[in-house]
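Listed below, chain by chain, are the residues.
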Amino acid sequence: MGRFDALRRLTAESLGAALLLAVVIGSGIMGERLAGGNTAIALLANALATGAALVVLIGVFGPISGAHFNPVVTLIAALRREIPWRLALAYPIAQILGAIVGVWAAHAMFGAPILQISTHSRTGGALVLSEGVATFGLIVTILGTARFRPENTAMAVGLYIVAAYWFTASTAFANPAVTIARCLSNTFAGIAPSSAPAFIAAQVVGALLAASVLGWLLKAEKTS
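Keep in mind that this is a model prediction, so the values were computed, not measured.

Conventions we followed
Residues numbered from 1 in each chain as written. Predicted model: local features only at pLDDT ≥ 70, side-chain atom pairs only at ≥ 80, totals over all residues. Heavy atoms only, no water. Phe/Tyr/Trp six-rings, centres within 6.5 Å; stacked < 30°, edge-to-face > 60°. Buried < 20%, exposed > 50% of the residue type's maximum accessible area, 1.4 Å probe, protein only. Helix = DSSP H or I, 4+ residues; strand = E, 2+ residues; numbered from the N terminus. Lys NZ or Arg CZ within 6 Å of the ring centre and 35° of its normal. Expected span 1.5 Å × (residues − 1). Contact = heavy atoms within 4.5 Å.

Trainee: I'd like to hear about the packing of aromatic side chains, residue by residue, with values.
Mentor: Taken as a whole and judged by the stated rule, the model has three aromatic pairs. A ring pair is formed by Phe61 and Phe69, whose centres lie 6.2 Å apart and whose planes are at 85°; its orientation type is edge-to-face. Take Phe61: its relative accessible area is 10%, and that puts it in the buried class. For Phe69, a relative accessible area of 2% gives the class buried. Ring centres of Phe173 and Phe199 lie 5.2 Å apart, and the angle between their planes is 80°; on these two criteria the pair is classed as edge-to-face. Here the residue Phe173 occupies a position in the loop between helix H6 (153–167) and helix H7 (176–182), and Phe199 occupies one in helix H8 (residues 196–217), the gap between them amounting to 26 residues. We note that Phe173, like Phe199, is buried. One cation-aromatic arrangement involves Arg182 over Phe173; the distance from NZ or CZ to the ring centre is 3.6 Å.

Trainee: How would you explain helix H4 (residues 85–109) if you had to name every residue and give the values?
Mentor: Because an α-helix completes one turn every 3.6 residues, residues spaced three or four positions apart along the sequence face the same direction. Look at H4: 36 Å from first C-alpha to last across 25 residues, which is about the 36 Å you get at 1.5 Å a residue. One or two steps after H4, the chain reaches Gly111, where phi turns positive at roughly 65°.

Trainee: Lay out the environment of Trp85 in plain terms, naming residues and giving numbers.
Mentor: Tracing the backbone through its elements, the reader meets Trp85 in helix H4. Residue classification places Trp85 among the partly exposed positions, given a relative accessible area of 45%. Between the C-alpha atom of Trp85 and that of Leu75, which follows or precedes it by 10 residues, the distance is 8.9 Å. Sequence-distant contacts of Trp85, defined by excluding residues within four places in its chain, comprise Leu75, Ala78 and Leu79.

In structure tokens form, the structure reads like this:
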């Protein structure tokens, strides 16, 4: 990443987030339209498309910006001194703006109104806990594979997100930028703005907890 200046890194984060949200929203719309009312099939389509896209996008943009596409991933990278704080403060802005553009692009591709506000309420302790668990697992996946199998990080993240769509009650947003952008889509993948703050708080807590646990777990024992 040292070969790329800040503008290119921020652009990569924005483009990656835009393409990711275009996939999340677009596959949600397509899945719902083709599933004939079968929510499980729609969710499966959404999960597989999202996981596959993450593998590709991380592979493409990882060498440029680290392919965070996620403010809590950026936060953990900054806390671990893997990215300068001045850049870490700019990354989430690029990620959120890109994610919003991706939502609008998906709406345009499916002939839906560009500007929307979701009415899909996602409230309750179970969903909030799910977001904490989903984000904990995401950070564990990233830090663990980065330590031992960095070449497998893209695949590991994509596979984890596919699984997390199904084992969490919230369908694993695990990303504040994604959460904010999905507030602007009144579709299968949307979330009501009133539900977003609790999701984001849980995501931050889950990420910090994962970084703390993995920081201890991966620390080599000193030998005399």
